[in-house]
Amino acid sequence: MPLTRDEDIKALLEEVRTIALVGASDRPDRPSYRVMGFLQRQGYRVIPINPQIAGEHLHGEYVFHDLGQLGMEIDMVDIFRRPIAAGEAVDEAIAAGAKSVWLQLGVINEEAAARAEAAGLKVVMDRCPAIEIPRLGIAPVAA
């Protein structure tokens, strides 16, 4: 089951340091653009993933084509994709060795969540960390 208890979500957000953001946008009017900036201001390292703008920089970070390109440890994969496409991102997160996946508001894919949990990942679904962090009173991450 995805994490739903406040204390579990808070514990996850407090242990995460590096986040890959799948579906990162270079358009300031898009939620993924704003959430990435917010997470960076909270002290997280956020690596943008978007094949359409791969090779560019977003909020000072190099944009990767997909999770398989990273070659680094990722604590969380934050997924800004339609529910039908979220399964592929979850499968990439599992293959990349991520510790958790976070499906954004409106991104509900029970099958993908079950695959992630079966692979040992923590799962949060249909929530936004930019809402949960202030709501749960989580202090910025120390560098």
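Refer to the structure printed above.
Worth saying up front: this structure is predicted, and the values here are computed from it rather than measured.

(A) Region of interest: the pairing of strand β2 (residues 45-49). Taking burial as the measure, the five residues of β2 include four buried ones, the bulk of the element. Sheet topology note: the strand β1 (residues 18-22)/β2 ladder contains five bridges and is parallel. Residue pairing in the sheet places I19 in a bridge with V46 of β2. Traced from β1 through helix α2 (residues 31-41) to β2, the parallel crossover comes out right-handed.

(B) Representation of the sheet that holds β1. Strand order in this open sheet of five strands is β2-β1-β5-β6-β7, and the pairing throughout is parallel. Since the sheet does not close on itself, it has two edges, and those belong to β2 and β7 (122-125), each with one partner. Strand-to-strand twist across the sheet, computed as the mean angle between neighbouring axes with direction ignored, equals 20°. Where β1 lies against strand β5 (residues 76-79), four bridges are found, and the strand directions are parallel. Its bridge partner lying in β5, A20 is registered against V77.

Conventions adopted
- Residues numbered from 1 in each chain as written.
- Predicted model: local features only at pLDDT ≥ 70, side-chain atom pairs only at ≥ 80, totals over all residues.
- Heavy atoms only, no water.
- Buried < 20%, exposed > 50% of the residue type's maximum accessible area, 1.4 Å probe, protein only.
- Helix = DSSP H or I, 4+ residues; strand = E, 2+ residues; numbered from the N terminus.
- Pairing = 2+ DSSP bridges.
- Right-handed = clockwise from strand over helix to strand, strands pointing away.
- Axes fitted to C-alpha atoms, helices over the stretch in contact; angles between N-to-C directions.

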